[in-house]
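Structural characterization, general
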Amino acid sequence: MKNGKLLLGILMIGLLASSCYTEVIVEDDFIEESPINTALVLENYDIWYVDINATTGNGEVPFLQRAFTLSFDRGVVYANNNLVGIGKTGNGLGVDVGTYGTYSGAVEVDHDVDGLWLLDVYAVNNNTLELYDPSSNTSYVLRGYYRNSFDYDMVFYDNIHYFLQEYQVWEKTYTSEYGALNEFDEENYLQFFSDGGGYFRSSIDGNGIPLSNIQWDYQGDYEVYDVANDASLKTLTLDYDFLGNDYFELYVINDSTIELYHVSSGTVYEFTGRGYMQFLKSGDTGKKRSKVTNPQMNVTRQRNM
C-alpha cells in the first residue's frame, strides 16, 4: 500500500500550510527545510478508527491488532481495546497504553506492554493515515474522526463478533408477551466463541445462578450476516441440529444488552451480558482482531422499532 504515496509531506496541505514553513539560511548557499509537523497531523483528529479489514501484510503490530481506536494526545497514546465502554472510557479516547514521539513522517510508540515501535506515517486522503511497520512489511489504515461526530454505533455493528465475545455469558432478561410459542423460549443463557469458526453454547438453567454453575445443554455453530442496503442491521443464525437454524434480527441496545428478534415467531428477547472481559494494555487473553467479512443476506427488516 505504501508504494506510490508520498511520505506525509503532502498530507493535509491546508492543515500543514499554517504550521510548516521553509527557513532559508543564506550561509554557504545552504537551504534548510523545517521538519514536517507529524505530531500536529496525528493530533488533528480526536479518534483514529483502526480499519482492520484494510490491513495489508503478513505480520502484525500487536497494539494495533488489538485496538478498535487509537488517539494521540500530547505524547500519550490511548486505545479502545473493548467495545464495552467505548465512548465513555477516557472521555471516549479509551485507556492510556503508552507514549509516543514524532519525527518527520514517522512516529515512535513506546507501548506499555508491546515495547518500542517505529512506524512510518503515510497519507491516504485528508482524514486517513497509513501506519507502516517496516520490520514486518505490514500496513494499518486509520480513519480520523472528532469525538462529537464519531459514530460509536457503527463500531458496534461493524465489529459485532467481538462484542458478542466480550461477555462470558449472555443471560435472557426479557421476553415479549407477544409472539408465538417456540422452542427458543426455553433458552436462558447463550455463550459465543470465536474458536473453530464461531460456535455457541446454550442453556435452559434458571435465571440468576452463578456463571460457574451453568450447565450447558447444547453446542452448535452460529453465523452473523450483513444485510444488503441496511448497515445498521445484522442477522444471526443459531444452528440447532434437532430444530434447524433459529433466525434472528440482532440489535445492540447498549454496551451490555442485545435484542434478538425471532422472526418466525415474532418474539422479542433481550439478553444482558455477564462476566465482562476487559482488554486493557495486555494481550495475555489472546484477544486480537482479524479481518472479518460477513456473508450477506438479501432480506428486509421485520422488527417494527
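Residues numbered from 1 in each chain as written. Predicted model: local features only at pLDDT ≥ 70, side-chain atom pairs only at ≥ 80, totals over all residues. Heavy atoms only, no water.

Our next topic: the overall build of the chain. The helix and strand inventory of the chain stands at 5 helices and 19 strands. Within the chain, the fraction of its 305 residues that count as buried is 47%. Taking as baseline every contact in the chain between residues at least 6 positions apart, the subset at least 24 positions apart corresponds to 56%. Put simply, the chain shows about 14,700 Å² of open surface, and 46% of that area lies on carbon and sulfur atoms. (Helix = DSSP H or I, 4+ residues; strand = E, 2+ residues; numbered from the N terminus. Buried < 20%, exposed > 50% of the residue type's maximum accessible area, 1.4 Å probe, protein only. Contact = heavy atoms within 4.5 Å. Areas by Shrake-Rupley, 256 points an atom, 1.4 Å probe, with all protein chains shown as cover.)

It is a general feature of regular strands that their side chains alternate between the two faces of the sheet. Taken across its 11 residues, strand S15 (residues 230-240) has 8 buried, putting it largely inside the fold. Bridge count for strand S14 (residues 218-227) against S15 is 6 bridges, and the pairing is antiparallel. Counterpart to valine 227 in the pairing with S15 is aspartate 230. Connecting S14 to the antiparallel partner S15 that follows it, the hairpin turn spans 2 residues, and asparagine 229 within it adopts a positive phi of roughly 65°. With 7 bridges connecting them, S15 and strand S16 (residues 244-254) associate as antiparallel partners. Counterpart to lysine 234 in the pairing with S16 is leucine 250. (Pairing = 2+ DSSP bridges.)

Our next topic: the sheet that holds strand S7 (residues 106-111). Read around the barrel, 8 strands follow the order S3-S4-S5-S6-S7-S8-S9-S10 and close on themselves; strand pairing throughout is antiparallel. Each strand axis lies, on average, 35° off the axis of its neighbour in the sheet, ignoring direction. Both strand S6 (residues 95-103) and S7 contribute to a ladder of 6 bridges, which runs antiparallel. Each bridged residue has a counterpart across the sheet, and for glycine 101 the counterpart in S7 is glutamate 108. (Axes fitted to C-alpha atoms, helices over the stretch in contact; angles between N-to-C directions.)

What follows is about the packing of aromatic side chains. A complete count under the given rule lists 20 aromatic pairs for this structure. Ring centres of tyrosine 45 and tryptophan 48 lie 5.4 Å apart, and the angle between their planes is 75°; on these two criteria the pair is classed as edge-to-face. Here tyrosine 45 and tryptophan 48 have matching classes, each one buried. Look at phenylalanine 192 and tyrosine 222: their rings are 4.9 Å apart centre to centre, the planes differ by 75°, and that puts the pair in the edge-to-face class. You can see phenylalanine 192 sitting in strand S12 (residues 189-193) and its partner tyrosine 222 sitting in strand S14, a full 30 residues away along the chain. Put simply, the rings of Phe156, Phe163, Tyr167, Trp170 and Tyr276 touch in pairs and so form one group of aromatic residues. (Phe/Tyr/Trp six-rings, centres within 6.5 Å; stacked < 30°, edge-to-face > 60°.)

All right, on to the pattern of salt bridges then. Inspection of every chain in the model, using the stated rule, returns 8 salt bridges. We note a salt bridge from aspartate 255 to lysine 88, for which the minimum N-O separation is 3.0 Å. Of the two residues, aspartate 255 sits in the loop between S16 and strand S17 (257-262) while lysine 88 sits in the loop between strand S5 (76-80) and S6, which places them 167 residues apart along the sequence. Across the pair lysine 234 and aspartate 226 runs a salt bridge whose closest N-O atoms are separated by 2.3 Å. (Salt bridge = Lys/Arg side-chain N within 4 Å of Asp/Glu carboxyl O.)

Relative to the elements of secondary structure, aspartate 96 occurs in strand S6. Measuring from C-alpha to C-alpha, the distance between aspartate 96 and aspartate 112 comes to 8.9 Å, with 16 residues separating the pair along the chain. In this structure the side chain of aspartate 96 is engaged in a polar contact, spanning 3.1 Å, whose partner is the backbone nitrogen of glycine 98. (Polar contact = N/O pair within 3.5 Å; in protein donor to acceptor, adjacent residues only side chain to side chain.)

The next subject is the nonpolar core. In terms of nonpolar packing, the biggest core is built from 40 residues, with Phe163, Phe184, Leu190, Phe192, Leu236 and Leu238 touching the most fellow members. Formed jointly, this core draws a minimum of three residues from each of two domains, domain 1 (36-149) and domain 2 (155-295). In this structure, leucine 238 is in contact with Phe184, Leu190, Phe192, Phe200, Asp221, Tyr222, Gly244, Asn245, Asp246 and Phe248, ignoring residues within four places of it in sequence. Grouped together as the second largest cluster of nonpolar side chains are 26 residues, Ile52, Val61, Ala79 and Tyr100 included. (Core = buried A, V, L, I, M, F, W, Y, C linked by side-chain atoms within 4.5 Å. Domains from an automatic or database assignment.)

Remember, this is a structural readout, not a statement about activity or role.
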